[in-house]
Every structure is written in C-alpha cells, then in structure tokens.
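# Examining the three-dimensional arrangement
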Amino acid sequence: MRRPLLTLAAALGAALLAAAPAPLRAAEEAIALPNTRFSFEGLFGTFDRASAQRGLQVYMEVCANCHSLRQLYYRNLTALGLSDAEVRAIAATVQVQDGPNDEGQMFERPGRPSDRFRSPFPNEKAARAANNGALPPDLSVIVKAREGGADYIYALLTGYSDPPPGVEVMQGMHYNRYFPGHQIAMAPPLNAGQVSFHDGTQATVEQMARDVTTFLAWAAEPELEERRALGVKIVLFLTVLGGLVYAVKRKIWADVH
Amino acid sequence: MAETLATHPGTPLGPEAHGAAAEHGEKRRDFLTLVTGAFAVVGAGAIAWPFIHSLNPSRDVLALSTTEVDLAPIQVGQAVTVVWRGKPVFVRHRTPQEIAAAREVNLAELRDPQPDERRVIKPEWLVMVGVCTHLGCVPLGQKPTDPKGEYGGWFCPCHGSHYDTSGRIRKGPAPANLAVPPYAFISDTQIRIG
Amino acid sequence: MASGLHQSDFRNPVVRWIDARLPVFTLLQKEYGTFPTPRNFNYLWNFGALAMVNLLIMIATGVFLAMHYTPHVNHAFDSVERIMRDVNYGWLLRYVHANGASMFFIVVYVHIWRGLYYGSYKAPRELLWMLGVVIFLLMMATAFMGYVLPWGQMSFWGATVITNLFSAIPLVGDSIVTWLWGGFSVDNPTLNRFFSLHYLLPFVIVGVVFLHVAALHVTGSNNPLGIDPKGPQDTVPFHPYYTAKDSVGLVAYLAVFAILVFFFPNMLGHPDNYTPANPLVTPPHIVPEWYFLPYYAILRAVPNKLGGVVLMFGSILILFVLPWLDTSPVRSMRFRPLARIALFLWTVAFFVLLYCGAKPPEGIYVWLARFATAYYFAYFLVILPLLGRFERTLPLPESISRPVLRGGGPLPAVAAAKPMEKA
C-alpha cells in the first residue's frame, strides 16, 4: 500500500541531490579543493572570534587596498567581539566622504561606526582602470557567491605557484591551481610576515588565508550563529509536536482501523 | 463514472457512530488533544514574533539615531533646525532677554509646569524636538520672519498652539511642552543628540 | 426566526447570530467538518493541504519582505542584503521565502504525481485537474519573477534567457520581447513590472485555489482505490479524522522546511545570485532554479529554437488534455499493471530531465535529455491512449470498506450490509 509513497520519497531525495547545484557542479571542472577545517563548519559550528579578528586585520591591511566590502558597516564589528571604543577607533582610521554641507560642498571626515566600510575605488570604472581592466570583486558575500564557499576562498589564497611546464601564463596574469582557467589577474596577495598580529600569531600565508577566510565567512553570513541556534530550538519543538500530533491521530483513528 | 455524483453519500459516519468503542479512552484523547493544541498555539504565537519584530526599527536605522551639531556658527538670537531620527530639532541660541523671560514665569500658571532650568543644559542653548505635542505639526518661529506667537517663542499654525521662549505650551490645544531630546555637550561648541 | 435568515444549528448565541445572517460557520462545518471523505487516504493525500499552507507562508513572508525591498536596479541587491543584515529577523523572512519556493514545488510535484498515479484527473474531476494545472502555471510565473527580484547575476540572466524564449514566435516575437522588457534589454522597467506581478499573482493563485477546492467539494475526493464511495461505511467526516492526519503531515513538512531554512539555506540556490547583476558578463553556466530544470532540459534537447520553446510549453500544456488522452475507465494504477510501469518510467524520465537540465548541453546529456523528452511525450500521447484499449486491468474491489479478495470477482451483496467491519 505504501510502496508508491516510498518510491516517490526515494526519487525525490535522489533528485534533490542531483539538483543541489553548488558542490556537485563545481566538481566537474575544478580540481578538488583541499578540505580546510573551519570553526564555523558543521551543524553547530561558530566563528572563531580571534581568527576572525585577525582576518579583519588582514582584510584592512591587505585586501582593502583593492577590494570593497560595501555591505558591511563598522558597527557590525562589535559582533566579532570588538568593544564600542575599538570600533570607533577603527572607523576613525578612514576618511569618508560626506555632505553636502551648508555651502553645498562635499567634504571628508573621519569614519563613524554607522558608516559603510570604505571602498578603495569610487566606482567600477576607476577600479578597473587601476587594475589593468580587471575588477576586484566586492567581498561582502564572496563566500556565498563562489562554488565551494570558504574552502574555495582559502584554496585560492594559498593556490599560487609557478605554472607547470608547458603552461603559458599571459602578461599580467598569475598561475593559480584553483582558479577556473588557472590564470588570475590578482597577484599573490599574501606573503609570509606581511602582517604582524597583535596576539603574536605567526603570520604564515596559510594562517592569514585561514583568518581572512573566517572573517569573510562571517561577513557573508553574520546571522549564521543565531540562525543555527534558533534552528535547533525549532527542530526540537517540531519533534515534540510531531510526536504529540501523531499520538492524537492514532487515537482518533483507533476506532476506524 | 457518471454515477459518482449521484452515489455520493449524504450522511457522514461520525465518531458517535462507533458507539461504545469510542467512549473508552475518551479522557486520554481529550488530555492529549489539549496538550497538542496548546503546543500548536505556542508555536503559532512564536511564528508571529519575527513578523512583528521585522517592522521595528532595523539595525541601520538605530545606528543612525545620533546627530552631531556644531554650535559655533550660530549667533546669539539665531536658531537652526537639524534632523534627528527624521524629525526636526530646534537649536536656539537664546538672548539674555529670552532667558530672563523664560525664568520669570510663575510656574503655577503653566499647563505643563516645568522650570526653564530643567529644560536646558546651558541657559543660552535651547534644544527641542520641533514637533507640536498636539498632532505633530512643525511650529513656526525658527526664521526671523516667522510668527513667534504671543509669548515670543513658537507658534503652531495647524491648530494655534503658542509656546514661550523655553518651548513651554502657554495657549492653544497642545497638552505638553515641546520635548527636549537626550543630548550632551561633547565640547564647548558641539552637541550630540540621541 | 424571521424569514430570510439561515436556519442555523449552532448553539453558541454569537455564532448562531452571525451564522443566521452569513452562514459561514455552516459552510465551514459542511466543507471541513462533517464533509464525508473516503476513509482510505494514504499520506500522499496530505499534499493538497500542505500546498495550501505553503501558499499562505509565501504570501505572509512576501508581504513583509516587500515592506523592506526596493525594486530598482541600483538598490535591489543592496536592499536584499539590508534585509539579511539589518532588518530584525529579515534573514529568516528571506530564507523562508526563498526556500519556501522550493518546498512549494516539491509539495506540488508530489501532489500532481499523486493525481497521475491514482487517476485523479479522470471524470468527473477533469475541471478540478485543469484548475490545478492553471495554478501550477501561475506558480511557475510567480516563482520565475520572484527569482529576478534580488537582481543577482542569475536573476538578470535568467530573466534575459526566459523572456527571450518569446522571440521564437514568428513575425511578432521581437516586438513581444521588447514589450515584456519595456525597453531594449532587461532593465529597470522589467524589474519594476516583475515586482508588481510577483506581488499580484499569488492572490490570483488564491482565487484559483478557491475554485480548485470548490470543484473538489462537488465531486468529492478520489482515493487510493480509485472507486467511488458506496455509502457511509466508506467515508469518515473530514474533522477530526483528516484534520488530524493532515496535521501529522504538516509537522513533518515543517520539520523538513526548518532544516532547510536554518541549516542549509543556500543549498538549493545558485552562488552566482550573490553577485550583483552585470549586463555585460554572462556567467559560464546559466541554470534556472532546480524546479525548472526538467523543462529547461526539454528546451535544450531540441535543436531548433521555436521547436524547443513549443515542446517546453507543450510539456505542461499537455496536462490540460490528459483527462481525454487516458481512455482507461480504471482510475487507480494499483489496478493497472502496465500503466503503473509506464508511469514509473515517466517519473524516471522526469528526473533524468531534471538531472540533464543542470548539466552543460553537450555530449551524453543532450542524448539523455532527448530520450527522456521523447518518452515524456510518448507517455501522454501514445502509451496512455493505447493502454486504455489493450491493458487488462486487475479486478476492482466491491467497495472501499471491502478490499478485493484474492482472485478477485464481485463479493456477495451481504458484505455491504456490515459497515462496522474493520477495513
């Protein structure tokens, strides 16, 4: 009697797997990504705050020279464990454009927590002009916008090497194992010792890549921890409710079956 | 297949049709149904909250809820209007005469008794939300050419409320004085509202 | 009681007062209380009610999202990010809405499949079925336009590709596409009208759902045996029996929904839609949302523009004439051994198409899609009409409360006189 239902359930499951686009379709062409264990993985993972704060430093000192992060505001940084005063200080390190003032002129002033992260270029054309025609993408949701997610970002940052024999790399491009097509306009962004971390962590390329990836994963999904915590409660609630509802149904149908 | 409509049963088989068999365990079903119903109602209530809360001010709105004002360019006797939380805030650099007028008033005469000293941090700077406490219009009196009402402060043209040089209601339908927003002097010539 | 008032049976005075003047309580009692429903539904019969709940969830979350969304090409992407980051529980509303679309299609696909398996489209339920197909078409249009609103890369290019389908129409195709766009490419006018229609169509769906349910309550529900109830012994009142059974399905559905929303909110989406729309750069693989993949595969299986478009739309429009293509008088495939195999193969073809739709249109995938497309149509146009003539169906049971005995054949009439017998 229940056979069609079971068959259909199995088929639906298979279909969802087949349709789950991100990981499966990525696997077709790109080289398998190294499996990096991040603190925020799994059903109950959370962001490693120390790592994300170091990642913020890497972003501010390295990435921010070319990449914007325009969906974020300095005020968001309190979620990484920074105090209000620290956030205010970080915001004040940049000059942002404001205005017009009473004379109708735009003017620059130090950043405030309610400002967006300052973009390195005023617009896309300026960004391309400064980067040989390539556009450094905004990093706000980059972890959600790339197949492979955080693993891919980490792999890309650590995947630079000399091209294998026989591979010609075009002028102004760089060889990267994990970039689709292997030729990327971005020069290797991370060099060992480039950043000096306040907490004394050794700034290896892998460490910086891991930290900045953690920071960007948080930037892309700042609601992740709250979402999972709420999800656990709701699934538990539904489990109990499901048991109760099933018992009621059994009871009601007892005299029919 | 045409008989489907015709042979459709008229009277349903209710639980009562099962007679004594159903009576047994009636109590347990009632309790179970009650608990399940209570659970479902709690769940439904919890679902409503995200919808309701989504209409409260969002984080970007709350983040912008302070405004800084530079007082240096405002001459004695002048007033400026700044925006705080989407509302006009009146900042008036009062003259000694205006301050004196505000402090001479007999509090017993006021509809909303409040000494002028409690409405200012520094006597020469009066900072108020420029929204009439009657029905939310913006009173006149900021520009030199504006009517200032019978008490030399502000006059609301919508329904004729008169405010004095301390922004207190003196005549007309408004029930309360113009509100003083939370603000602080962050330097001698700068205030932060909010 | 004054003449002209409805004769109400309710005891509560307030309910009675209202019911006498506007008999909504009588109507509810009749259609969802005592409504006689076949006693032998399996859990596949949950999915109609689930679809109704899903529609309400979509409308509720959609209305609240619309309060924060800005339908302008310069602000749409940012306003969605603002919903995700700054609006209280905005991420929850958006993820429920986005994954709710996927849940809606899962639920409706199961609902349609149940109708195919148990012959729910056959007389006298043809119009009920056709109204369902109308709902399905409206749903697809609504989902497509909703996917454009975040104004990501897939939004933009999906809109471009799908609207360009209409350029396949001879003579007037290009004019129609320009008219759809309100310009010479997908741009702000397109986004604005899509937003307006995306808000409107769900309420049209509500209207058609009302007709769908009204038609259902005229003919009564089909059931897994596909035979009509012969009397009270074959039915139970809708409440509490099916309200209780639907509630079980509802909680299970909500649990799946919750796991998707809270733990895998982007699993069924495409990463490219988190890149803002860029009219100058097409992503390397454009794919529609998963629920459109089978039709997308049909489109690409045909090496001719107009032909592909015709087959793609035809694959759904054919459902309108299904009640007349399937000529077998037996509804439930439980009693149709050959049709059952044919339908399972059709189901496989559907999933093959879904799979091929996600793959690049080259090599083996094209051929797979072509075979599957051919079978998809053959099932409706050749197999079902022929089976109606030549298939030997199994003997049908006497009634719902008396399932067929081994060996078949009609039961003695005395069986029907014992309604208390266990089913």
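In this text the structure is predicted, and so the values were computed from the model without any measurement.

Cut-off values and rules
- Residues numbered from 1 in each chain as written.
- Chains lettered and ligands numbered in written order.
- Predicted model: local features only at pLDDT ≥ 70, side-chain atom pairs only at ≥ 80, totals over all residues.
- Heavy atoms only, no water.
- Helix = DSSP H or I, 4+ residues; strand = E, 2+ residues; numbered from the N terminus.
- Buried < 20%, exposed > 50% of the residue type's maximum accessible area, 1.4 Å probe, protein only.
- Lys, Arg positive; Asp, Glu negative; His and termini not counted.
- Salt bridge = Lys/Arg side-chain N within 4 Å of Asp/Glu carboxyl O.
- Contact = heavy atoms within 4.5 Å.
- UniProt positions renumbered as here; feature names shortened; annotations may be inferred.
- 1 Å grid on protein atoms, 1.4 Å probe; cavity = no way out; pocket = protein on both sides within 12 Å on 5 of 7 lines; lining within 4 Å.
- Points joined across faces, edges and corners; volume = space filled by probe spheres on them.
- Nonpolar A, V, L, I, M, F, W, Y, C, P; charged D, E, K, R; others polar.
- Pairing = 2+ DSSP bridges.
- Axes fitted to C-alpha atoms, helices over the stretch in contact; angles between N-to-C directions.
- Buried area = accessible area lost by both parts, 1.4 Å probe.
- Polar contact = N/O pair within 3.5 Å; in protein donor to acceptor, adjacent residues only side chain to side chain.
- Disulfide = S-S within 2.5 Å.
- Patch = residues over 30% accessible without salt bridge, like charges linked within 9 Å, V, L, I, M, F, W, Y side chains within 5 Å.
- Areas by Shrake-Rupley, 256 points an atom, 1.4 Å probe, with all protein chains shown as cover.
- pLDDT = per-residue confidence, 0-100.

## Describing the side chain of D151 of chain A
Residue and element names in this part refer to chain A. Following the sequence through the fold, D151 ends up in helix α7 (residues 149-158). Of the side chains bearing the opposite charge, R210 lies closest to the buried D151, which forms no salt bridge; the N-O distance is 8.1 Å. When near neighbours in sequence (up to four residues on either side) are disregarded, D151 contacts L33, P34, N35, T36, F38 and E41.

## Here we look at the UniProt feature "transmembrane region" (unreviewed entry) in chain B
Those residues carrying the UniProt feature "transmembrane region" (unreviewed entry) are residues 31-52 of chain B in this numbering. Secondary structure over residues 31-52 of chain B splits into 100% helix and 0% strand, and the C-alpha atoms at its two ends are 32 Å apart.

## Here we look at the UniProt feature "domain: Rieske" (unreviewed entry) in chain B
Sequence positions flagged by UniProt for "domain: Rieske" (unreviewed entry) are, in local numbering, residues 96-192 of chain B. Taken end to end, residues 96-192 of chain B comprises 9% helix and 26% strand; its first and last C-alpha atoms sit 24 Å apart.

## A few points about empty space enclosed by the protein
All names here are of chain C. All told, the structure shown has 6 cavities of 30 Å³ or more when counted by the stated rule. One number sums up the size of the second largest cavity: a volume of about 50 Å³. As for the second largest cavity, its lining consists of A297, R300, A301, C356, K359, P360, P361, Y365, V366 and A369. Listing elements by their share of the lining of the second largest cavity, those giving two or more residues are α11 (293-301) and α14 (364-390). Among the residues forming the lining of the second largest cavity, the class breakdown is 8 nonpolar, no polar and 2 charged.

## Here's the deal with the sheet that holds strand β1 (residues 67-70) of chain B
Residues and elements named next belong to chain B. The antiparallel open sheet is built from 3 strands, whose spatial order is β1-β9-β8. The open sheet terminates on both sides in strands that have one partner only, identified here as β1 and β8 (183-187). Put simply, the sheet's adjacent strands are angled 25° from each other on average, direction ignored. Taken together, the 4 bridges between β1 and strand β9 (residues 190-193) define a ladder with antiparallel strand orientation. What sits directly across from E68, in β9, is R192.

## Remarks on the UniProt feature "domain: Cytochrome b/b6 N-terminal region profile" (unreviewed entry) in chain C
In the numbering used here, UniProt assigns the feature "domain: Cytochrome b/b6 N-terminal region profile" (unreviewed entry) to residues 14-225 of chain C. The distance from the first to the last C-alpha atom of residues 14-225 of chain C is 42 Å, and the span holds 72% helix and 1% strand.

## What about the interface of chain C and chain A?
Taken together, the contacts link 61 residues of chain C with 55 residues of chain A. When residues of chain C are sorted by the area they lose upon contact with chain A, R85, F262 and F263 of chain C head the list and together hold 14% of the total. Applying the counting rule to chain C against chain A returns 2 salt bridges. Here R75 of chain A and D86 of chain C are joined by a salt bridge, their closest N and O atoms 3.0 Å apart. Across the contact surface, chain C and chain A share 10 residue pairs in polar contact (both at pLDDT 80 or more). Contributions of two or more residues to the side of chain C that touches chain A are made by α4 (76-85), α5 (90-117), α10 (238-263) and α13 (337-357) of chain C. Among the residues forming the side of chain C that touches chain A, the class breakdown is 43 nonpolar, 7 polar and 11 charged.

## Some points on the state of the cysteines
A full pass over the atoms with the stated rule returns 1 disulfide over all chains. Two residues share a disulfide in this structure: C137 of chain B and C158 of chain B, whose sulfurs sit 2.1 Å from each other. Handedness here is read from the sign of the S-S torsion; for C137 of chain B and C158 of chain B, about -100°, the answer is left-handed. Here C158 of chain B lies in the loop between β5 (152-156) and β6 (161-164) and C137 of chain B lies in the loop between β4 (125-129) and β5, a separation of 21 residues in the sequence. Assessed through its relative accessible area of 39%, C158 of chain B is described here as partly exposed. In this structure C63 of chain A is a free cysteine whose sulfur lies 9.2 Å from that of C66 of chain A, the closest cysteine sulfur available. Here C63 of chain A falls in the buried class, since its relative accessible area comes to 16%. Free cysteine: C132 of chain B, not disulfide-bonded; nearest cysteine sulfur from C156 of chain B at 3.8 Å.

## Focus: α4 of chain C
With 9 of 10 residues buried, α4 of chain C is to be regarded as a mostly interior element. Turning to α4 of chain C, its buried residues are A76, F77, D78, S79, V80, E81, I83, M84 and R85 of chain C. Against the buried residues of α4 of chain C lie α6 (142-145) and α8 (205-220) of chain A, α4 (59-63) of chain B together with α3 (47-66), α5 and α9 (188-219) of chain C.

## Re a nonpolar patch on the surface
Taken together, the side chains of L43 and F44 of chain A together with I259, F264 and M267 of chain C make up a nonpolar region of the molecular surface, amounting to roughly 460 Å² of accessible area. Taking relative accessible area as the criterion, I259 of chain C reaches 38% and is therefore assigned partly exposed.

## Here we look at the confidence of the model for chain C
Looking at chain C, pLDDT values average 93 and 94% of them are 70 or higher. Under the prediction, the complex receives an ipTM of 0.90, its pTM being 0.88.

## As for the pairing of strand β3 (residues 87-93) of chain B
Residues and elements named next belong to chain B. Of all 7 residues in β3, 6 are buried, a share of seventy percent or more. Remark: 2 residues form the turn of the hairpin made by strand β2 (residues 79-84) and β3, two consecutive strands paired antiparallel; R85 in that turn has positive phi of roughly 55°. Pairing between β3 and β4: 5 bridges, direction antiparallel. Bridged to V89 within β4 is V129.

## Some thoughts on the sheet that holds strand β7 (residues 169-171) of chain B
Residue and element names in this part refer to chain B. An order of β5-β6-β7 is seen for the 3 strands of this open sheet, with the pairing classed as antiparallel. Here the strands that pair on one side only, and so sit at the sheet edges, are β5 and β7. Here the strands of the sheet are splayed against their neighbours by 35° on average, with no regard to which way each runs. Sheet analysis places β6 next to β7, joined by 2 bridges and oriented antiparallel. Across the sheet, residue Y163 finds its bridge partner in β7, namely I169.

## What about the pattern of salt bridges?
All names here are of chain C. Under the criterion given, the structure shown has 26 salt bridges over all chains. Linking D228 and R331 is a salt bridge whose minimum nitrogen-to-oxygen distance equals 3.2 Å. Here D228, found in the loop between α9 and β2 (235-237), pairs with R331, found in the loop between α12 (305-325) and α13; they are 103 residues apart in sequence, far enough to count as distant. An identical accessibility class is assigned to D228 and R331; each is buried.

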